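# Secondary and tertiary structure notes
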Amino acid sequence: MASSESNNGVEKREDKEDTANGSASAMETGISVVPRSMPEEQRKVALITGITGQDGSYLTEFLLGKGYEVHGLIRRSSNFNTARLDHIYVDPHNAAKARMKLHYADLSDASSLRRWVDALLLDEVYNLAAQSHVAVSFEIPDYTADVVATGALRLLEAVRCASKTIRYYQAGSSEMFGSTPPPQSETSPFHPRSPYAAAKAAAHWYTVNYREAYGLFACNGILFNHESPRRGENFVTRKITRAVGRIRLGLQTKVFLGNLSAARDWGFAGDYVEAMWMMLQQEEPGDYVVATEESHSVEEFLQAAFSYVGLDWKEHVVIDPRYFRPAEVDSLKGDSSKARKTLGWKPKVGFQDLVKMMVDHDIEIAKREKVLVDAGYIDAHQQP
């Protein structure tokens, strides 16, 4: 979503997401979606904004596996935008099996948020929706602030005014730390270096304020970079692994990147959604850093991805100044000791396995693409 959408009667085929983002199955990514048998009156009800995104799809699988009824908010779009949910979607007319339902709403529209929060009798709300691309936030700062910061405030107010008590999760970001030296923990100061990061910091403090002022059970999850085969292709990790697959299959020769020395704490998104849920199961609300506690540069990610298929990244990477940010974040590395001790959470997928998972997935996509190229249906030379 820079928000999220759909309504009970939304026709599924109106809303399919761009398949280029990669709709990995639950089996491919290690997430169980086998629902528990649970009487309807005992079933928890959760609302997810940003349900069509990477994290939203993994969290939906996780909650369905816990026996939840899951509702997602999606924005109206003329483009298909639900590919990440295709493998778990059940037509709402099949009422006995459809435990995930989509509704039209938008974080910029307070009335739609209040309507669904009031109507669905929710137990938990997970606010994952955002304009989440850091570089793009420099291009559309007003929109980013409205959706990421003020959108969170609108949703918090809807939760505060609801007829029943709701537990609220706010998706934070390690980008809020910006130029603060690593390792960064819950007590580290924020020094955001982009409109996106500044907006996330505002959403963080709105959440703290509503917790302290109104007694809301509201948690901030300060998640460090988390990737997967479902990551959007304009994020650097997925851009790299898509390029590896296409180069390996002879569909591309070069990939254009920016700052290779930037270092990030990269984990697997499927691991991180469990931490989100754990936060809302505690006796008291709080804020938690979620991270692997390892940091790797973009160059290290390139080396791991290209060498996995026997390629030398230096022969294929071109530095393009347009991909450098106006204000860079040099190094992020999380200290997740609070989450590990209090929640009992720890990451299961390591850096090398994450890279291999993404490359394997994107090689399969490239193989399907090559079939279309060889048959003359698409042009293989759209990229250098």
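Residues numbered from 1 in each chain as written. Predicted model: local features only at pLDDT ≥ 70, side-chain atom pairs only at ≥ 80, totals over all residues. Heavy atoms only, no water.

The name given to the chain in an unreviewed UniProt entry is GDP-mannose 4,6-dehydratase, and the organism recorded there is Canna indica. The UniProt entry for the chain carries the following comment under Catalytic activity (unreviewed entry): "GDP-alpha-D-mannose = GDP-4-dehydro-alpha-D-rhamnose + H2O". Heading Cofactor (unreviewed entry) of the UniProt record for the chain holds this comment: "NADP(+)". (UniProt positions renumbered as here; feature names shortened; annotations may be inferred.)

So, on to the side chain of aspartate 271. Inspection of the secondary structure puts aspartate 271 in helix H8 (residues 269–279). Although aspartate 271 is buried, it forms no salt bridge, and the closest oppositely charged side chain is lysine 348 at an N-O distance of 4.7 Å. If we skip the residues at most four places from it in the chain, aspartate 271 touches Trp345, Pro347, Lys348 and Val349. (Helix = DSSP H or I, 4+ residues; strand = E, 2+ residues; numbered from the N terminus. Buried < 20%, exposed > 50% of the residue type's maximum accessible area, 1.4 Å probe, protein only. Lys, Arg positive; Asp, Glu negative; His and termini not counted. Salt bridge = Lys/Arg side-chain N within 4 Å of Asp/Glu carboxyl O. Contact = heavy atoms within 4.5 Å.)

Two side chains carrying opposite charge are able to pair once their charged atoms lie near each other. Under the definition given, this model contains 18 salt bridges. Between arginine 230 and glutamate 61 there is a salt bridge, with its nearest N and O atoms 2.9 Å apart. One end of the pair, arginine 230, is in the loop between strand S7 (226–227) and helix H7 (236–248); the other, glutamate 61, is in helix H2 (residues 54–65), and 169 residues separate them in sequence. Given the relative accessible area of 0%, arginine 230 is considered buried. The class of glutamate 61 is buried, set by a relative accessible area of 0%. Between glutamate 369 and arginine 242 there is a salt bridge, with its nearest N and O atoms 3.6 Å apart. Pair noted here: glutamate 369 is in helix H11 (residues 351–374) and arginine 242 is in helix H7, with a separation of 127 residues, a long-range link. Grouping residues by exposure puts glutamate 369 and arginine 242 together as buried. One network of salt bridges, with partners in common, ties together Glu233, Arg242, Arg246 and Glu369.

What follows is about the pairing of strand S6 (residues 217–223). Summarising burial for S6: 7 of the 7 residues are buried, a large majority. Alternating residues of S6 divide into Phe217, Cys219, Gly221 and Leu223 and Ala218, Asn220 and Ile222, and every residue in both groups is buried. The sheet contact formed by strand S5 (residues 167–171) and S6 spans 5 bridges and is parallel. Along S6, the bridge assignment pairs tyrosine 168 with alanine 218. Once you follow S5 into helix H6 (residues 195–214) and on to S6, the crossover reads as right-handed. Two elements, S6 and strand S11 (residues 287–290), share 4 bridges in a ladder whose sense is parallel. What sits directly across from isoleucine 222, in S11, is valine 289. (Pairing = 2+ DSSP bridges. Right-handed = clockwise from strand over helix to strand, strands pointing away.)

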